[in-house]
Amino acid sequence: SNAKTPDGVVPMANLVVKISSLLDDVARDFSKERKTSLDNLVSAALTEYLQSSPRRMYQISTSSALVEGVYSGSVSSSTLLEHGDFGIGTFEGLDGEMVILDGEIYQVAGSVQRRTDDFLVPFAAVTHFTEDAGFQIGKLASLKELEAACDPHRHSDNLFHALRLEGIFDTMHARAVHPVPKGTRLLDAAETQFEFHFRDIEGTLVCLWSPRYSSSFSIPGYHFHFISKDRKRGGHVLDCTAQGLHARIQVVSQYDVRLPESGSFLTTNLDKDPASDLAKAE
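This write-up is about the structure you can find in this document. Computed from a predicted model, the values in this text were never measured in an experiment. (Residues numbered from 1 in each chain as written. Predicted model: local features only at pLDDT ≥ 70, side-chain atom pairs only at ≥ 80, totals over all residues. Heavy atoms only, no water.)

**Focus on the pattern of salt bridges**
Taken as a whole and judged by the stated rule, the model has 13 salt bridges. Of the charged contacts, one joins Glu104 and Arg114 as a salt bridge, the two residues approaching to 3.0 Å between their closest N and O atoms. Of this pair, Glu104 sits in strand β5 (residues 104-109) while Arg114 sits in strand β6 (residues 111-115), and the two are 10 residues apart along the sequence. Close ionic contact of Asp151 with Arg154 constitutes a salt bridge, the shortest N to O distance being 3.2 Å. Taking the relative accessible area as the measure of exposure, Asp151 reaches 33% and is therefore partly exposed. For Arg154, a relative accessible area of 14% puts it in the buried group. Several salt bridges converge on common partners, so that one network encompasses Asp102, Arg164, Glu166 and Arg248. (Salt bridge = Lys/Arg side-chain N within 4 Å of Asp/Glu carboxyl O. Helix = DSSP H or I, 4+ residues; strand = E, 2+ residues; numbered from the N terminus. Buried < 20%, exposed > 50% of the residue type's maximum accessible area, 1.4 Å probe, protein only.)

**Concerning unusual backbone geometry**
Here Asp102, not a glycine, exhibits a phi torsion of approximately 55°, which is positive. Unlike most non-glycine residues, Asp200 shows phi in positive territory, near 45°. Structurally, the position occupied by Asp200 is in strand β11 (residues 194-210). Its relative accessible area of 61% is what places Asp200 among the exposed residues.

**Quick notes on the nonpolar core**
Ranked by size, the top nonpolar core spans 27 residues in total, and within it Leu146 and Leu165 carry the most contacts. Counting only elements with at least two residues in this core, the list comes to β9 (133-137), α5 (143-150), β10 (160-176), β11, β12 (221-228) and β13 (234-252). Residues within four places of Leu146 in sequence aside, it is in contact with Ile137, Leu140, Leu165, Leu205, Phe224, Cys240 and Leu245. Ranked by size, the runner-up nonpolar core spans 16 residues in total, among them Tyr106, Phe160, Ala162 and Val206. (Core = buried A, V, L, I, M, F, W, Y, C linked by side-chain atoms within 4.5 Å. Contact = heavy atoms within 4.5 Å.)

**Here's the deal with α5**
Along α5, the residues that are buried comprise Leu143, Leu146, Glu147 and Cys150. Viewed along the axis of α5, the buried residues span an arc of 100°, placing them on a single side of the element. Each element contacted by the buried residues of α5 is listed here: β9, β10, β11, β12 and β13. (Arc of directions from axis to C-beta.)

**Some details on the layout of surface pockets**
Quantified by volume, the second largest pocket comes out at close to 770 Å³. Tyr58, Val75, Thr79, His83 and Arg258 are, among the 23 residues lining the second largest pocket, the residues nearest its centre. Among the secondary structure elements, those contributing two or more residues to the lining of the second largest pocket are α2 (38-52), β1 (56-60), α4 (77-82) and β14 (254-258). The greatest single-element share of the lining of the second largest pocket, amounting to three residues, is contributed by α2. Class assignment of the residues belonging to the lining of the second largest pocket gives a composition of nine nonpolar, eight polar and six charged. (1 Å grid on protein atoms, 1.4 Å probe; cavity = no way out; pocket = protein on both sides within 12 Å on 5 of 7 lines; lining within 4 Å. Points joined across faces, edges and corners; volume = space filled by probe spheres on them. Nonpolar A, V, L, I, M, F, W, Y, C, P; charged D, E, K, R; others polar.)

What follows is the structure in structure tokens.
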């Protein structure tokens, strides 16, 4: 308990945890550098994480790297799930669309597979989804209408948002990328994607909305991935229609981008603004 004693002192407790030897070395070096105890360092880190994580997005690599064909995994899927239970991404070599929902990772590549193994992820963004507000969306005849219905519920055009939308879709037009030769740019990979058309299908839209200014590291605008209620069908959403959806939205004001420390990310030219190519590929 963190309740204060009558004299105003917060009682202390012992916490025993297992961490990697690498993390232990880094923590000890950091505590010496900052001239603080490991107790104070761990307490500060836990306080920051527990208080801020509902507003934080954790991302592996950048949209610029994705556009230029950097598809090698750099962070483990287990680490990804430590930082969020809701999000989207892709797999090494563009082997399908990634949907992270309720703490589970699904790989959509023609069929849907729930991934329970530990593997390296080349690009993904996740958050611990915490609903800030809910709203209903009526009949919609296109993905554009869906985006327009969500617009008034976004807190700001300068903050990131996560949206979870559920219901029965009259039609769902989705796609899934598939493995391509190493170094293939995203725009070229999108030309050979698989496309699917579903009818009368119940499921969930996992969506991240990013501001326009973030195009160098995120994918600006709405980015919808779909997975059916039975977890057998899904993909990156190209278009959809529905009679009504229930939506929940979360504001994200902290963004944590983890960059690959090895591989082609270090040598690829990422100077080009990827906004135009991202818009075409999406």
